[in-house]
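Understanding the architecture of this molecule
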2 protein chains.
Amino acid sequence: MKIKTLPPIVKAAQKATYLCLYEEIKKEILAHRMQYGDQLPSIRTAAKQLGVSVTTIENAYQRLCMEGLICAKAQRGYFVDVSERQAAMHQKIMQAVPHEEQDSKWMDLRTSSMDASLFDGTLWMHYLKDVLAQERWIMSYGDPQGEWILRKALVQYGYAMRGVLSKEDQIVVGANFQTLLYLIGSLYEGKRVIAMEESGFVQGEQVLRDLGFTIRYLPYDDAGIRMDALKAQDIGLLYVNSASCGTNKKAMPQMRRSELLAYAKAHHILILEDDHNGELRYQSRMMPAMQGMDMGHQIIYLRSFSKLLLPSLRMSYAVLNDSLYQRYLRRKPNYHPSNSKIEQLAFAQYLRDGHMEKQIHRMRRRYEEKSTALWQLWRKRLPNESIVLDESALRFLYTPKQDVQAYIDCAAQASILIQRHGAAIALSFAAHSTQELQHIVTLLIDAWQEAGLVG
Amino acid sequence: MKIKTLPPIVKAAQKATYLCLYEEIKKEILAHRMQYGDQLPSIRTAAKQLGVSVTTIENAYQRLCMEGLICAKAQRGYFVDVSERQAAMHQKIMQAVPHEEQDSKWMDLRTSSMDASLFDGTLWMHYLKDVLAQERWIMSYGDPQGEWILRKALVQYGYAMRGVLSKEDQIVVGANFQTLLYLIGSLYEGKRVIAMEESGFVQGEQVLRDLGFTIRYLPYDDAGIRMDALKAQDIGLLYVNSASCGTNKKAMPQMRRSELLAYAKAHHILILEDDHNGELRYQSRMMPAMQGMDMGHQIIYLRSFSKLLLPSLRMSYAVLNDSLYQRYLRRKPNYHPSNSKIEQLAFAQYLRDGHMEKQIHRMRRRYEEKSTALWQLWRKRLPNESIVLDESALRFLYTPKQDVQAYIDCAAQASILIQRHGAAIALSFAAHSTQELQHIVTLLIDAWQEAGLVG
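Presented here is an overview of the structure given in this document. All figures in this text were calculated on a predicted structure; none of them were measured in a lab. (Residues numbered from 1 in each chain as written. Chains lettered and ligands numbered in written order. Predicted model: local features only at pLDDT ≥ 70, side-chain atom pairs only at ≥ 80, totals over all residues. Heavy atoms only, no water.)

**Focus: the interface of chain A and chain B**
- With 93 residues of chain A at the interface, the matching set in chain B holds 93 residues.
- Both sides of the chain A and chain B interface together cover about 8,100 Å² of buried area, and 59% of this is carbon and sulfur.
- Broken down residue by residue, the surface that chain A buries against chain B is led by A:Met139, A:Tyr141 and A:Tyr159, which jointly contribute 10%.
- For the pair chain A and chain B, the interface holds 0 salt bridges.
- For the interface between chain A and chain B, the tally reads 23 residue pairs in polar contact (both at pLDDT 80 or more).
- When residues in the side of chain A that touches chain B are grouped by element, the largest group, 8 residues, is from helix H7 (residues 148–162) of chain A.
- Residues belonging to the side of chain A that touches chain B are distributed by class as follows: 44 nonpolar, 26 polar and 23 charged. (Contact = heavy atoms within 4.5 Å. Buried area = accessible area lost by both parts, 1.4 Å probe. Salt bridge = Lys/Arg side-chain N within 4 Å of Asp/Glu carboxyl O. Polar contact = N/O pair within 3.5 Å; in protein donor to acceptor, adjacent residues only side chain to side chain. Helix = DSSP H or I, 4+ residues; strand = E, 2+ residues; numbered from the N terminus. Nonpolar A, V, L, I, M, F, W, Y, C, P; charged D, E, K, R; others polar.)

Spelled out as structure tokens, the structure:
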């Protein structure tokens, strides 16, 4: 260990002297010309040597300290503080190459986007602007439970559109379904066994397993989970997607709802009702949420607005029942808000002004047209292969006779991206226009036919 | 049960006929003049009776179905579907009164906000606008791990400002600290015992308990957790706030860092490093994060930007170490994004353009001024009572001799809101201007002196 001499400053136009010096020293360290443990000259000495001010040296040293390249030891001075391996890592970070943008040659039928023409970005911007103009709102943390004004708007919206009976107090706003499930799963104190349709729900299962739940997968018929299968289990929670369930992927019929609810009441089972886009009906009859049937004693209601508003926004909420709400109230100080307050407040005004309902009307018309066009094309080309419409998820499900992977690979060769859904293939009509869809699905069926996968 | 006659339509100007009819029927139901099980006339009959089109009746019925007030039974017709108790609940929702805005008579020294004048809302709006103009970006789901472009910006920022050594792949963006802790706690497979300073961290503890961790609270000295206390425990995880620890509430000194890290390595303990506003130094010397010392083998780095950017935005990230990253990669499809993609992309550009660094420079100047003014006022008024500056949390901590609650109650009587922090009182200088602060703290000390709480 010895005191190193600093490199000369290579002055660049428009750049502070200390930054130039900092860069020269950094180069020395990363090239191992200054090594771990080497001492740098004192600030005064360096200033004299280089003919610059003490402040310049101080600033350069502080910047190097901040990056962890050198460290200051009290009463002793500044020392190089990176090993050779670390230096190599430093250099990698500095040379990071830009990430390739996703290749645009693909035609995407996966369920990860929505129809851009349905959302009025200018309108949304207008609401964001209104919120950002309110300094008092944006300079403070939000309510961990969600902004009161948004919860109020959600009470009214849930009531008018889905028949959900709630008070503002019972509502918890969360970034996504998983955030809400972590909360509910940890507030819930009963038997840690949950049942769901055997097709599963990976993101939900992850959370439930994290919280120590055992998951029972139950067989289903066209109306949802089979009652006989349910009765054979000893469970504490039941997860149902009341807006899209069973083999039909339709809203759960009234009869099955009543049966489920009566059974849950009798056996003290808490139902987690996922009302996944329940208001997005364009081919079948609308049904209200189950939650309104029992006034939320036995049912926790869960909603996400990703597909209805913007997938890039994170906005979900839960309506807790009385007992979970009481527990939540005691624990509320233990939680941080999980949503942008700005987006919450903008969304509250958006709801209040009735834009969500208008948006849904637009969506219904558009998706009715798309799903009909796709259905007709399919019936014409493949009259012997049946597909099921999953309205709330904006897709058709096709269960082929052979292995799903062969169909996905064959599609990929034709530059078409499709997604597996259990033993089925999901064909989403969310993102593309009707014309584009007809084009892509024609190419898809052509490819499958050539490969002998369909008749 | 009998078929009820519909009420006459009371036509209002500017309102669709079906909505007028819907409202009249709703009134009947909520006033119990139409009761649970009562049948409504068929659509055709009702249309004839009221002299309106079939569509008008259909629309009114559908709206009532949506709210769960009536239900449709196949082959039978429409029936009233709310009980008396439900009807009462319906009426309550419709009559909800607006929430009282928070009373403004309070002077707030709690740590829940920041100085509004430090944030450039117009600039942020500009970035949001740029993002919203990119349809392709906002119409699709984000990456559960966080947008790549943001992770890249965070790599560079963390490196330049905090000496954090990371690759984009190791970074996970989350709505808040709790989201990240749920993730880390569930990826972690070692011994489920975690140690932290005995002052605790309620929101973190909630998550860790949810995930089945046992928490050991360790005593600390002026440099952080005491090594002897640590060595007496058999733990798997260690939580440290390296930017504000021990009785000093300063960055952890180099010596203690080295000791901790060496001990953690030898005993395979994973360190969760909370670098809470580590770059926000205005009175003491800046130190880089610990993470850079071991290149992230033994350390998971955690950061939130609430206090540096906007508390109303939710933006945190973690740098996983190699082993957790490998596990995360396998599980990544199980996670949904937890942050608004729009805000992530805006933040990425904001970082890339160097605004975060400028913002921090502004903050340093402002908070240096405020903390100095408050310190001088306190020394003058209460020379015998010591207070500790907690730089990264933008507050002073005062540990009174008597019970904290008496001080809080006394402040409340003078319309000043203050917050408890363990056995101390936190006095935040984040939100108010220097002048306002001097005014409020003078009133506070006056009140305490009058009550005989301070000398």
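**With respect to the packing of helix H8 (residues 177–187) of chain A against helix H13 (residues 322–331) of chain A**
Residue and element names in this part refer to chain A.
- Between H8 and H13, whose axes approach to 10 Å, the crossing angle comes to 100°. By the criterion of interaxial angle, the relationship of H8 to H13 is roughly perpendicular. Two secondary-structure elements touch here, H8 through Leu183, Ile184, Ser186 and Leu187 and H13 through Leu324, Arg327, Tyr328 and Arg331.
- Of the residues that constitute the contact of H8 with H13, the class distribution is 5 nonpolar, 1 polar and 2 charged. (Axes fitted to C-alpha atoms, helices over the stretch in contact; angles between N-to-C directions. Parallel < 35°, antiparallel > 145°, perpendicular 65-115°, else oblique.)

**Here we look at the state of the cysteines**
- By the definition in use, this model includes 0 disulfides over all chains.
- The structure places no disulfide on B:Cys20, whose sulfur is separated from the nearest cysteine sulfur, that of B:Cys65, by 19 Å.
- Among the residues examined, B:Cys20 registers a relative accessible area of 2% and is labelled buried.
- Between B:Cys245, a cysteine without a disulfide, and A:Cys71, which holds the nearest cysteine sulfur, the sulfur-to-sulfur distance is 17 Å.
- Judged by relative accessible area, which is 3%, B:Cys245 ranks as buried. (Disulfide = S-S within 2.5 Å. Buried < 20%, exposed > 50% of the residue type's maximum accessible area, 1.4 Å probe, protein only.)

**Some points on the environment of B:Ala60**
Residue and element names in this part refer to chain B.
- With respect to the helices and strands, the residue Ala60 is situated in helix H3 (residues 54–66).
- Taking the C-alpha atoms as reference, Ala60 lies 38 Å from His336; in sequence the two are 276 residues apart.
- Beyond its immediate stretch of four places on either side in the chain, Ala60 contacts Tyr18, Leu21 and Tyr22.

**A look at the sheet that holds strand E6 (residues 214–218) of chain B**
Residues and elements named next belong to chain B.
- The strand order across the open sheet built from 7 strands is E4-E12-E11-E10-E9-E5-E6, with neighbouring strands paired in mixed fashion. The sheet is open, and its two borders are formed by strand E4 (171–174) and E6, each paired with just one other strand. Taking each pair of neighbouring strands and ignoring which way they run, the sheet shows an average axis angle of 20°.
- Across 4 bridges, strand E10 (residues 270–274) lies against strand E11 (residues 299–304) in parallel orientation. Paired with Asp274 across the strands is Leu302, a residue of E11.
- Each of E4, strand E9 (237–241), E10, E11 and strand E12 (316–319) is contacted by helix H8 (residues 177–187), which is oriented at about 160° to E11, the strand it contacts most. (Pairing = 2+ DSSP bridges.)

**Digging into helix H17 (residues 434–450) of chain A**
Residues and elements named next belong to chain A.
- In a regular helix each residue adds 1.5 Å, so 17 residues correspond to 24 Å; H17 covers 24 Å between its end C-alpha atoms and thus fits that length.
- Within H17 the residues assigned to the buried category are Thr434, Leu437, Ile440, Val441, Leu444, Ile445, Ala447 and Trp448. Within H17, the buried residues cover an arc of 160° as seen down the axis, which keeps them to one side. Residues of H17 that are exposed and point over 90 degrees away from its buried face: Gln435 and Glu450.
- Buried residues along H17 sit against strand E3 (107–108), helix H15 (355–381), strand E14 (395–398), helix H16 (404–413), strand E15 (416–417) and strand E17 (424–428).
- Looking one or two residues beyond H17, the residue adopting positive phi is Gly452, at roughly 70°. (Expected span 1.5 Å × (residues − 1). Arc of directions from axis to C-beta.)

**Some words on the environment of B:Tyr220**
Residue and element names in this part refer to chain B.
- Relative to the helices and strands, Tyr220 resides in strand E7 (residues 220–221).
- Overall, Tyr220 belongs to the partly exposed group, its relative accessible area being 25%.
- Spatially, the C-alpha atom of Tyr220 lies 23 Å from that of Arg303, the residues being 83 residues apart in sequence.

**Quick word on the nonpolar core**
- Within the largest apolar cluster, 154 residues are counted, with the highest numbers of intra-cluster contacts made by A:Phe347, A:Trp448, B:Phe347 and B:Trp448.
- Sequence-distant contacts of B:Phe347, defined by excluding residues within four places in its chain, comprise B:Trp124, B:Leu150, B:Leu154, B:Phe305, B:Leu309, B:Met315 and B:Met356.
- In terms of nonpolar packing, the next biggest core, distinct from the first, is built from 58 residues, A:Ile194, A:Leu272, A:Tyr325 and B:Ala318 among them. (Core = buried A, V, L, I, M, F, W, Y, C linked by side-chain atoms within 4.5 Å.)

**Notes on the relation of the copies chain A and chain B**
- Superposition of chain A onto chain B requires a rotation of 180° combined with a translation of 0.0 Å along the rotation axis, giving an RMSD of 0.1 Å. Both copies of the chain, as the preceding transformation shows, are related through a two-fold rotation axis. Ranked by how close their C-alpha atoms come to the rotation axis, the residues of chain A are headed by A:Leu211, at 2.7 Å. (Least-squares fit on C-alpha atoms with pLDDT ≥ 70 in both.)

**Brief notes about helix H16 (residues 404–413) of chain B**
Residue and element names in this part refer to chain B.
- Here H16 has its buried residues at Val404, Tyr407, Ile408, Cys410 and Ala411. When H16 is viewed along its axis, its buried side chains cluster within an angular range of 165° and face the same direction.
- Elements that come into contact with the buried residues of H16 comprise strand E14 (395–398), strand E15 (416–417), strand E16 (419–421), strand E17 (424–428) and helix H17 (434–450).
- Looking one or two places after H16, you find Ser415, whose phi comes out positive at around 65°.

**Quick word on the sheet that holds E17(B)**
Residue and element names in this part refer to chain B.
- Taken in spatial order, the 4 strands of this open sheet run E13-E14-E17-E16, and their pairing is antiparallel. Lying at the two open borders of the sheet, with one neighbouring strand each, are strand E13 (387–390) and E16. Each adjacent strand pair in this sheet contributes to an overall mean axis angle of 35°, direction not counted.
- Relative to E17, E14 is paired through 4 bridges, and the arrangement is antiparallel. Residue pairing across strands places Phe396 opposite Leu427, the latter belonging to E17.
- In the packing of helix H15 (residues 355–381) onto the sheet, contacts are made with E13, E14 and E17, and the angle to E14 comes to roughly 25°.

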